[in-house]
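Here are the chains, one letter per residue:
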Amino acid sequence: MSQVSEENGPIVVVEGEVDLAVAPSLREDLEALLAAGHSTLYVDLLGATFLDSTALGVLVTIREQCLGAGGELHLIVSEPRILKVLQITGLASAFPIHDSRSQIPGSTNGDATDPNE
Amino acid sequence: MSDHDDQEMSDRSEVITLSFPARADLVVLARFTAATLAARAGFDIEEIEDLRLAVDELVVSFEAVQAGGTVQLRCTQSGTELLIECTVEPGSDADANQGIAGGELWGADGELSKQLLDALVDEHGREHRDGGPCVWLRKQRAHSGR
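Worth saying up front: this structure is predicted, and the values here are computed from it rather than measured.

**Q** What should I look at first to understand the overall build of chain A in this one?
**A** Counting its regular elements, chain A contains three helices and five strands. In chain A, the succession of α and β elements from N to C terminus is β-β-α-β-α-β-α-β. Among the 117 residues that make up chain A, the fraction classed as buried is 38%.

**Q** What is the right way to read the overall build of chain B from this model?
**A** Looking only at helices and strands, chain B features five helices and five strands. Helices and strands appear in chain B in the N-to-C order α-β-α-α-β-β-α-α-β-β. When the 146 residues of chain B are sorted by exposure, 38% land in the buried category. The contacts of chain B with a sequence gap of at least 6 include a subset with a gap of at least 24, amounting to 68%.

**Q** Looking at this structure, how should I read the interface of chain A and chain B?
**A** How large an interface is tends to be reported as the accessible area lost when its parts come together. In this assembly, 13 residues from chain A lie in contact with 17 residues from chain B. Only helix H2 (53–68) and helix H3 (80–88) of chain A provide two or more residues apiece to the side of chain A that touches chain B.

**Q** Any chance you could explain the confidence of the model for chain B here in plain terms?
**A** One rule of thumb: low pLDDT means the predicted coordinates there are not for detailed reading. All names here are of chain B. Here chain B shows a mean pLDDT of 82. Residues at 70 or above account for 74%. Here helix H4 (residues 94–101) stands out as the least confident element of chain B, with mean pLDDT 48; helix H3 (residues 45–60) is the most confident, with 96. Here residues 96–106 scores under 50 on pLDDT; set against residues more than four positions off or in separate chains, the count is 28 contacts. Interface confidence in the predicted complex, given as ipTM, is 0.86; pTM for the same model is 0.84.

**Q** In this structure, what is going on with the sheet that holds strand E1 (residues 13–21) of chain B? I would like to understand it.
**A** Working definition: the strands of a sheet are paired by backbone hydrogen bonds and lie parallel or antiparallel to each other. Residue and element names in this part refer to chain B. Ordered in space as E1-E2-E3-E5-E4, the five strands form an open sheet in which the pairing is antiparallel. Of all the strands in the sheet, the pair left with one neighbour each is E1 and strand E4 (123–129). On average, each strand axis in the sheet is tilted by 20° relative to the strand beside it, whichever way the strands run. Where strand E3 (residues 81–89) and strand E5 (residues 132–140) come together, seven bridges link them in antiparallel fashion. Its bridge partner being in E5, Leu83 is matched across the sheet by Arg138.

**Q** Any chance you could explain the sheet that holds strand E2 (residues 9–18) of chain A here in plain terms?
**A** Residues and elements named next belong to chain A. On the basis of which strands lie adjacent, the open sheet formed by five strands has the order E1-E2-E3-E4-E5 and mixed pairing. Taken across any chain shown, the strands that pair with only one partner, and hence form the sheet edges, are strand E1 (2–6) and strand E5 (97–98). When strand E4 (residues 73–76) meets E5, the two strands line up parallel, connected through two bridges. Its bridge partner being in E5, Leu75 is matched across the sheet by Ile97. Where H2 meets the sheet, it contacts E2, strand E3 (41–51) and E4, and its direction lies at approximately 170° from that of E3.

Conventions we followed
Residues numbered from 1 in each chain as written. Chains lettered and ligands numbered in written order. Predicted model: local features only at pLDDT ≥ 70, side-chain atom pairs only at ≥ 80, totals over all residues. Helix = DSSP H or I, 4+ residues; strand = E, 2+ residues; numbered from the N terminus. Buried ≥ 20, exposed ≤ 12 C-beta atoms within 10 Å, placed from the backbone. Contact = placed C-beta atoms within 7 Å. pLDDT = per-residue confidence, 0-100. Pairing = 2+ DSSP bridges. Axes fitted to C-alpha atoms, helices over the stretch in contact; angles between N-to-C directions.

Below, the structure written as structure tokens:
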């Protein structure tokens, strides 16, 4: 897991299998960014190959905290398996989802994509 | 896989059991085992990926996975169907043991887990067995031959 600072806000980059073993550190990283005053966060899941309910639970919790702070939690996802998990759980419409970093708000390439399309 | 191969598979039932310490970093073993068995049974890639996630959800449904104990995974392949049953033997953590004995399953992310299992497998459930909770799933291969 790594972090990238971008103009729009910090991006947490998660790669590989995001499961019970990884979810706690994902939560810690995101909560640290919230505690540092960032209300809008990005999670880059482009390199993620697996996402289970424990990781989803972290994203849902952090999303609520972001909303409470007046921001949002954005996901950057293109992997069909990850999108399928979001759709099954009804969360695809709960997050702003982008299929590349260039698609995040403020970029010249446009706004979030709708994974339900 | 031919119809003849399917017939041979349906004539026999194979049971594979896996036991490992209930630690978060070892849940991958359950996923790997399920995926391997599904591949051997002729499941396609999409079905194998579904099963990998479903088995993960079975194992993490035990709060005890985060607190100790031993995960027991029993996989039964009968023809084109896989039945996977998961139990956790209590470890040394008193609170977790109480949870197992009381049949406390599905942690904070339980609703998400149930939604995933509903979508990914043909049937799943939980019941008390031999004094403790057991979670299980059943998945049928979609295609009879390839």
